[in-house]
Structures are given as C-alpha cells and as structure tokens.
Amino acid sequence: MAILNILKYPDPRLYTNASEVKNITSEIKTLISSMAETMYDAPGVGLAATQVNIHQKIIVIDISEDKNNLLVLINPLLLESKGEMINQEGCLSVPEVFEKVKRADWIKISALNENGEKFELEAKGLLAVCIQHEMDHLEGILFIDYLSKLKRSMIVKKLSKQKKELERIVV
C-alpha cells in the first residue's frame, strides 16, 4: 500500500467523470487499500478515486471514531433519497475550507463491495452526507460547486493566498 497524492482544487482533473469498474482485480484491491491508507493519513472520513487521479467509481469511507469500520463502495448508485439537512462540509481536495451544504438526510444506494458482491445500504445523517459528497466527486462535482459565486471566489482567493504563503516558506 502507498499514500497517494490527493488532487487539490482548482486542479481540472477533479472535474473528470469516473467510469464504472468492470472487474475487481488485484490492482483494484490494492488501490482500495492505498485509498484507505491515504484517507486515514490525511486525515479524512471519505475519499473518492477521482481525488487521487484515478477516474473509476470507487469510494472509501470511515466515519467511525476509532477508524476501524471501512466502507468500500464500487460503482455506487443512488436509488432513493428523502428529506434534507444542511451540514458543514469540508474536503481533502479543498483544504481548510468548511461551508454549509444542503443534502438529502436519508439515502438508499446500491454498490459493489471490494469482493464484487452487490449490496444495498440505507444511510442517514453524517454517513448519508459523506456518501453523497463522495459520489459527487465521481461525477466531477465538488462541494463548493453548491455555493454561490461570491463564496466560491472568496475560497479561490483564500486558497491562492495559502499557496503563495506556502511557496514563500518553502523557498
């Protein structure tokens, strides 16, 4: 396993649509392990393959306190959604930015696990938000795309300033 490089906004590769996984190969299983290791190291609660420049429909999530409940979603498909909630979201690809986003409060999805077995899952609250956030990544959508133009431009300025400060420190 390896720690993978997480793409950072405004990298255009974050806006790439992922393709379906056709076969669960040993390479896919290694990728899943590396994605999990990367997510835990970051640290984060979810990671989509798009974020590590692999444009296949693979997601890893772990919202548990002790980080021992890894959920793997391959080719996830939203079947149903109900209700709505507004939750503060952040993203490993948009570091140090947290904004409120409206999402469905309850969802039902189908997906394959890491062994290629199909399953359905109902989720609510934080897990539902996390799944929707990561599924958006697979469609080339970032959580900041739900924000107003003004808020997005403020985020771009903030990230640009952070990048310049980091470059000044490194040089």
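Residues numbered from 1 in each chain as written. Predicted model: local features only at pLDDT ≥ 70, side-chain atom pairs only at ≥ 80, totals over all residues. Heavy atoms only, no water.

Student: Even after reading the chapter, I still don't get helix α1 (residues 26–41), so can you show me in this structure?
Tutor: Structural remark: α-helix, 3.6 residues per turn; residues separated by three or four positions point the same way. Given a rise of 1.5 Å per residue, 16 residues ought to cover 22 Å, and the 22 Å separating the end C-alpha atoms of α1 matches this to within 8%. For α1, the elements touching its buried residues are β1 (46–48), β2 (58–61) and β3 (71–82). (Helix = DSSP H or I, 4+ residues; strand = E, 2+ residues; numbered from the N terminus. Expected span 1.5 Å × (residues − 1). Contact = heavy atoms within 4.5 Å.)

Student: So what exactly am I meant to see when it comes to helix α2 (residues 125–138) here?
Tutor: Between its first and last C-alpha, α2 extends 21 Å over 14 residues, near the 20 Å set by a 1.5 Å rise per residue. Of the residues flanking the end of α2, it is G140, one or two places downstream, whose phi is positive at about 75°.

Student: Teacher, can you tell me more about the sheet that holds strand β6 (residues 106–112) here?
Tutor: Strand order in the open sheet formed by five strands is β1-β2-β3-β6-β7, with antiparallel pairing between adjacent strands. Single-partner strands in this sheet number two, and they are β1 and β7 (118–124). Along the sheet, successive strands turn relative to each other by an average axial angle of 40°, direction set aside. Sheet topology note: the β2/β3 ladder contains four bridges and is antiparallel. Bridge pairing in β3 places I58 opposite I74. (Pairing = 2+ DSSP bridges. Axes fitted to C-alpha atoms, helices over the stretch in contact; angles between N-to-C directions.)

Student: When you look at the packing of aromatic side chains in this model, what are you seeing that I'm missing?
Tutor: Aromatic ring pairs are described here by two measures, namely the spacing of the ring centres and the angle between the planes. A complete count under the given rule lists zero aromatic pairs for this structure. The ring of W106 has K82 lying over it, and the distance from NZ or CZ to the ring centre is 4.8 Å. (Phe/Tyr/Trp six-rings, centres within 6.5 Å; stacked < 30°, edge-to-face > 60°. Lys NZ or Arg CZ within 6 Å of the ring centre and 35° of its normal.)

Any functional reading would require information beyond the geometric quantities listed.
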